[in-house]
Amino acid sequence: HLEIIGNKVRAEQKRSFLGSVSEFLASWDNESPNFARMIEERDNGVMLHNVCLDAAELSQPVFDSVYASITMSGTLVPTSMFGNILGINRRVEKVYPSPFPIENRRTLVVPETTTKYAMRSDFMYNLIADACAKIINSVPGNSALFFPSYDLMGVIYSRMEGKIKKTLLMERPTMKAEDKTALLNDFKLKKDHGAALFAVAAANFSEGI
């Protein structure tokens, strides 16, 4: 029934969440040992999980069927391990050095601060906010700060008022593509006076940069 209704919705709206649910439930009829099917009991019902334990089961047929592919990343090292994980049997591996001069990179650690969950408190949040403000005020032009979660970013953002003179901009999880483009353009336009972009690691802005 979900599949029939999902196809009808897709014909009208091009996309159907009911169809996605139908495909998920159909995927449970899979006896492959490379998938773990779990049912998790929760207070308000149950949650179904279908977890792929071996990515090669899905990706290897794709790589085997194409003439050639270029697979790249800034973080996939060692390359041989990821080649095996993805099931790329015919491959040429190459690691390139960073094109950015190492003297342009300054890595600093603030040992008094931590984002460890057990250590989070108003005192720690204030320490982090003060450290961020000191860095922002020391850097000419724009700064981009990346946090491990939207929640932590919001807490630090709320403590920045009065600490810096630059414009504060913040990525939000509900942003649409046009909102993100507008925010990035606004950030670029403020480069002379300086702005601080608060964003989340592994989200759109950090991955884009």
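The notes below deal with the structure included here. (Residues numbered from 1 in each chain as written. Predicted model: local features only at pLDDT ≥ 70, side-chain atom pairs only at ≥ 80, totals over all residues. Heavy atoms only, no water.)

### Some points on the nonpolar core
In this structure, I136, L145, F147, I156, M160 and F198 are the most contacted members of the largest nonpolar core, which totals 19 residues. Sorting the residues of this core by element identifies α5 (122–138), β3 (143–147), α6 (150–157) and β5 (195–200) as the ones contributing at least two each. Considering each element in turn, this core owes the most residues, seven residues, to α5. Discounting chain neighbours no more than four positions away, the residues touching I136 are S143, L145, M160, I164, K166, A196 and F198. Counting eight residues, the second-largest nonpolar core is a separate cluster that includes M175, L197, A199 and F205. (Core = buried A, V, L, I, M, F, W, Y, C linked by side-chain atoms within 4.5 Å. Buried < 20%, exposed > 50% of the residue type's maximum accessible area, 1.4 Å probe, protein only. Helix = DSSP H or I, 4+ residues; strand = E, 2+ residues; numbered from the N terminus. Contact = heavy atoms within 4.5 Å.)

### Considering helix α7 (residues 177–189)
Since one α-helical turn is 3.6 residues long, residues separated by three or four positions face the same way. Taking 1.5 Å of rise per residue, the 13 residues of α7 would be expected to cover 18 Å, and the 19 Å separating its terminal C-alpha atoms lies within 8% of that figure. Listed as buried for α7 are K180, L183 and F187. For α7, the arc enclosing every buried residue in end-on projection is 65°, short of the 170-degree limit, so these residues lie on one face. The exposed set on the far side of α7, more than 90 degrees from its buried face, consists of A177, E178 and L189. (Expected span 1.5 Å × (residues − 1). Arc of directions from axis to C-beta.)

### Some thoughts on the environment of A68
Examined against the element boundaries, A68 turns out to sit in the loop between α3 (56–65) and α4 (79–86). Given a relative accessible area of 58%, A68 falls into the exposed group. Through-space distance from the C-alpha of A68 to that of R90 is 9.2 Å; in sequence the pair is 22 residues apart.

### Brief notes about the pairing of β5
Each regular strand displays side chains that alternate between the two surfaces of the sheet. Where burial is concerned, most of β5 is hidden: six out of the six residues are buried. Burial along β5 is two-sided: the face carrying A195, L197 and A199 and the face carrying A196, F198 and V200 are both buried. Judged from the five bridges that link them, β3 and β5 form a sheet pairing that is parallel. When the sheet's bridge partners are listed, A144 is paired in β5 with L197. In this structure, strand β4 (residues 167–170) lies alongside β5, joined through four bridges in parallel fashion. Along β5, the bridge assignment pairs L168 with A196. (Pairing = 2+ DSSP bridges.)

### Some remarks on unusual backbone geometry
Residue K14 is not a glycine yet carries a positive backbone phi of 70°. Note on placement: K14 falls in the loop between α1 (2–13) and α2 (17–27). By relative accessible area, K14 is classed as exposed at 71%.

### Digging into the packing of α3 against α4
Following both chains from N to C, one finds α3 and α4 inclined at 95°, their axes separated by 7 Å at the closest point. Between α3 and α4, the angle falls in the class roughly perpendicular. Across the interface between the two elements, A56, S59, Q60 and F63 of α3 pack against N84, I85 and L86 of α4. Residue composition of the contact of α3 with α4, grouped by class: four nonpolar, three polar and no charged. (Axes fitted to C-alpha atoms, helices over the stretch in contact; angles between N-to-C directions. Parallel < 35°, antiparallel > 145°, perpendicular 65-115°, else oblique. Nonpolar A, V, L, I, M, F, W, Y, C, P; charged D, E, K, R; others polar.)

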